[in-house]
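Understanding the architecture of this molecule
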Amino acid sequence: MTTERTSLLVLVTTGIAVALGVALSVADADSVATTLWVLGALVPLPFLVSGIISDLRAGSAGVDVIALLAIGGALALGEFLTAAIVGLMLATGQYLEAYAAGRAARELTALIDRAPRTAHRVEDDAIKTVDIDDIVRDDRLLVRSGEVVPVDGIILSEGAVLDESALTGESLPVERGEGARVESGVVNGAGSFELRALAAADESTYAGVVRLVRQAQHERSPGVRLADRWAAWFVPLALGVAALAWIVSGDPVRGLAVLVVATPCPLLLAVPIAIVSGISRAAKKGVVFRGGGSLETLARVDMLLLDKTGTLTVGLPILRRITTFDHDVDSETILTLAAAVDQASTHILAKALVEEARRRNLTLPVPADVVETAGGGVVGWVGHHTVSVGSIKWLLGDRQESPEITRFRRRVMRMAPLTVFIAVDDEVVAAASFDDVIRPDAAGTVRSLRKLGVKRIAMATGDHPVVAQSVGLAVGVDRVLAECTPKEKVDALGDMREEGVTAMVGDGINDAPALATADVGVAMGARGATASSEAADVVIMVDRLQRLVTGIEIAQRSRRIALQSVVIGMGLSLVAMVAAAFGLLPPIAGALIQEVIDVIAILNALRALTGDRPLAGAPQLSADLSRQLRADHVALMPKLQVISDAADRVDDLSKAEALAVLQNVETLLLEEILPHEEDDERRIYPEIEGVLGGADPLQSMSRAHREIFHLTDRYTRILHDIPAGGPDPADLQEVRRLLYGLYAILRLHFDQEEELYASLDEDYAGHVADYRLDASRN
């Protein structure tokens, strides 16, 4: 393929030759005009012949043969202007192809070109610039303002402001605090910060992206190879029609006219332009395709298998609740003690406890004499207490568990969350339960996938069936595969493949076999040289499930545009060939018409570089409103568990203790939850309604507010009727029913709001997920 600059020079030269020739011909300088037209016809020939030779070496017939014969025939028959116009047509096609390929490749090439070559390593309080390949794990690095982060690492400074647009497509900078994980390839957008390397350069995120991009630049897509196959039958068809027109009419000019209109530039150029343009546009959105084949296959997917952990859910445990068995100790004291000893543990649940304690701004003492038992737990001294965190079997040893713990374990097993128990001075005083939180945009993504033509969506996970079914019902998949091994995921894909084109979406090492087995594998988030990213055909660089929808939309649109360009261009060419064979189109008119056909087809293919025109006033939350909503929900959602916990515990408490717990719930409702809902109703919802438009678009959400107000009012009236001595069994039954009702409607209402806000602002879902993911950055 010629470069964009060279093809532009050829186009300008050919165009000037044709235009001057026409002007001189009008001025009766026919000999000079003829010379210029011959020049215009000959200038593109070296590139044309080079392309033909390359095609022949590759075993392809090459439709450029038709153009060569058209130019040669026109010159032989004295149709010099026709020859020049065909040359101009070729030069135009070559330039448009080079322009599209150049523009489409810029986003991909930029990813490669911006890869850092050196890094600043801190050695004995001195800063030394070293080759990036010399960086090893645990090196201490300095990243200066404006520099690209060279390797994956952990921030050692107080914080950093990062521009992640090259990987995620998001334009706004993000702030990361001390201890946060940073992927290579992002740009330091503020002052210098120090980084502890987690991997060498070739094992980091950016290296994986670069490998994918290089493959994308060199792989030919099935659609392009299909175009070659179409060209294989089109060449003999065009030559046959031209020969037949010459033989039947006895006029070689008719045969020439057929060849002139038969040059199939739409077939040659439109398909690769559309596919490469789609790859480029997807890269700008943080979706990297391994090649054109991946894009075309993703466009045809109708069977989808989604991994649960890390794909439909955040992928890391989040503290759901702390249940205390010793009612003289409050949950924050328990969390402080447990998180303190867990600072010395590498277990993922320990990290979640520590992160929750830090989020609540609890001061964590430094533990002493910490011992961790694999498969059991961790024990150490915190102040004057021994604190143990682990499994109930490990904590109790040969001792019998209390009836309260037995009831708790039965209740927990029905919900099947991850649970650890906490002992202080050898007495089990509490349990910490964890959830893997569903992404706010998960259900909306599943619905969007169905609208895009995905007929069947299944979810696979190695988790307990109760957990798996709960997530599957919440997001709306068709089938749930629980306690699923990597081999069973592969087998499930084999069954689905019998019904259509399959895709697998996952993020873990255990997903690699399924990603490689599917017709197209999609990895959520590049993590350098991880097995999932290496096995995938598509990598979603930003941790947003909705980008899967974006990738499929771009793939379908690019493929649709490619086919449109071919059908339009080839269809018009065939009509023109018939007209030329019957003598209705002289060669010069045919050349002009073919030029118009080529430009129409190629310009149509260039549409793949851009998205569909957005609707005027498309719903979109303002940045400030999105930030406020996110902060409110992050603060309140964990507190909803207090309501459920109270309903679970009141039967096991004394009357005085039960009354204190119920009054605590009343305080939460009246001082935090109701003011939040009232603010939503009076201030937030009117602003969102202005974004959505229509007549009362949030009517159902407002109805939920009224029910929350109603249930809270009933709860407070009943609570105020309870005597100072505490509730009797009848009171407890009524209060417990109200608490469960309040918890259910509040959870449903908050989840509905989360989904609504995520649909209006993709960053909302991502930043809520980022909060949950902070545990992985410590």
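Fair warning: this is a prediction, and the values are worked out from it, not measured in the lab.

**Observations regarding the sheet that holds strand E6 (residues 174-177)**
Taking strand neighbours across the sheet as the criterion, the three strands line up as E6-E5-E8 in an open arrangement whose pairing is antiparallel. Every other strand in the sheet has two partners, leaving E6 and strand E8 (187-188) as the edge strands with one partner each. Relative to E8, strand E5 (residues 159-163) runs antiparallel, the two sharing two bridges. Across the sheet, the residue bridging to Asp 163 is Val 187, located in E8.

**Considerations on the environment of Asp 139**
Within the secondary structure layout, Asp 139 lies in the loop between strand E2 (126-131) and strand E3 (140-143). In the structure, Asp 139 is positioned 17 residues away from Val 122 in sequence and 7.8 Å away in space, judged by C-alpha atoms. When sequence neighbours within four positions are dropped, the list of residues in contact with Asp 139 reads Arg 121, Asp 134, Leu 195, Arg 196 and Ala 197.

**Here's the deal with the packing of helix H9 (residues 252-262) against helix H23 (residues 587-606)**
One can describe the packing of H9 onto H23 by two numbers: an axis separation of 8 Å at closest approach and a directional angle of 5°. Taken together, the axis directions place H9 and H23 in an arrangement best described as roughly parallel. Contacts between H9 and H23 involve Val 253, Leu 256, Ala 257, Val 260, Val 261 and Ala 262 from the former and Pro 587, Gly 590, Ala 591 and Gln 594 from the latter.

**Some remarks on helix H22 (residues 546-581)**
Under the 1.5 Å per step criterion, the end-to-end length of H22 is 53 Å for 36 residues, consistent within 8% with the ideal 52 Å. Note on H22: the residue one or two positions beyond its end, Gly 583, has a positive phi of about 80°.

**What about the sheet that holds strand E9 (residues 193-197)?**
Ordered by their spatial adjacency, six strands build an open sheet running E2-E1-E3-E9-E4-E7, and the pairing between neighbours is antiparallel. Two strands close off the open sheet at either side, each with one partner strand: E2 and strand E7 (181-182). Across two bridges, the pairing between strand E4 (residues 153-155) and E7 is antiparallel. Pairing of Ile 154 across the sheet is with Arg 181, part of E7.

**Examining helix H14 (residues 348-359)**
The first and last C-alpha atoms of H14 sit 17 Å apart over twelve residues, in line with the 16 Å expected at 1.5 Å per residue. Within H14, burial applies to Leu 349, Ala 350, Ala 352, Leu 353, Val 354, Glu 355, Glu 356 and Ala 357. Just beyond H14, the residue with positive phi is Asn 361, at close to 60°.

**What about the nonpolar core?**
Phe 289, Leu 298, Leu 304, Leu 306, Leu 449, Ile 457 and Leu 548 are the most contacted members of the largest nonpolar core, which totals 94 residues. For this core, the leading source of residues is H22, giving 14 residues. Counting 32 residues, the second-largest nonpolar core is a separate cluster that includes Leu 668, Leu 669, Leu 711 and Tyr 715.

**Quick word on the pairing of E2**
Inspection of the sheet shows strand E1 (residues 118-123) paired to E2 by six bridges, in the antiparallel sense. If you follow Val 122 over to E2, its bridge partner there is Ile 127. Counting the residues in the hairpin turn of E1 and E2 gives two residues, including Asp 124, whose phi is positive at 55°.

**Digging into the packing of helix H26 (residues 655-692) against helix H28 (residues 729-760)**
For the pair H26 and H28, the least separation of the axes is 12 Å and the interaxial angle reads 30°. Here H26 lies roughly parallel to H28, going by the angle between them. As H26 runs across H28, the sense of the crossing is left-handed. Here H26 contributes Leu 662, Val 665, Leu 669, Ile 673, His 676, Glu 677, Asp 680, Tyr 685, Ile 688 and Leu 692 to the contact with H28, which in turn contributes Val 735, Leu 739, Leu 742, Leu 746, His 749, Phe 750, Glu 753, Leu 756, Tyr 757 and Leu 760. When its residues are assigned to classes, the contact of H26 with H28 shows 15 nonpolar, two polar and three charged.

**Remarks on the pattern of salt bridges**
Summed over all chains, the structure comprises 22 salt bridges. A salt bridge links Arg 121 to Asp 139; the nearest nitrogen and oxygen atoms lie 3.0 Å apart. Of this pair, Arg 121 sits in strand E1 while Asp 139 sits in the loop between E2 and E3, and the two are 18 residues apart along the sequence. Several salt bridges converge on common partners, so that one network encompasses Arg 121, Glu 123 and Asp 139.

Rules and cut-offs
- Along each chain, residue indices are assigned from 1 in the same order as the chain's sequence is written.
- Local features in this predicted model are restricted to residues of pLDDT 70 or higher, and side-chain atom pairs are both shown and tallied only at a pLDDT of 80 or more, whereas totals for entire chains, interfaces and linings draw on every residue.
- The basis for the side-chain values is all heavy atoms of the structure; hydrogens and waters are excluded.
- DSSP-based pairing: two strands are paired if at least 2 bridges between them are found.
- Under the DSSP-based scheme used, a helix requires at least four consecutive residues in state H or I and a strand at least two consecutive residues in state E, with every element numbered from the N terminus.
- When checking whether two residues touch, look at their non-hydrogen atoms; a contact exists if any pair is within 4.5 Å.
- Where helices are involved, their axes are fitted lines through C-alpha atoms of the stretch in contact, as for all axes, and angles between N-to-C directions lie from 0 to 180°.
- By the definition adopted for this analysis, an angle is roughly parallel if under 35 degrees, roughly antiparallel if over 145, roughly perpendicular if from 65 to 115, and oblique otherwise.
- Helices are assigned an expected span. That span is 1.5 Å times one less than the residue count.
- Relative accessibility decides the category of a residue: with a 1.4 Å probe and only protein chains considered, values under 20% of the type maximum give buried, values over 50% give exposed, and everything between is partly exposed.
- Throughout this description, the term nonpolar core refers to a set of buried Ala, Val, Leu, Ile, Met, Phe, Trp, Tyr and Cys residues connected via side-chain atoms within 4.5 Å.
- In a left-handed crossing the near helix is turned counterclockwise from the far helix by less than a right angle, and in a right-handed crossing that turn is clockwise.
- Three residue categories are used. Nonpolar comprises Ala, Val, Leu, Ile, Met, Phe, Trp, Tyr, Cys and Pro, charged comprises Asp, Glu, Lys and Arg, and polar comprises the others, including Gly.
- By salt bridge we mean one thing: a side-chain nitrogen of Lys or Arg within 4 Å of a carboxyl oxygen of Asp or Glu.

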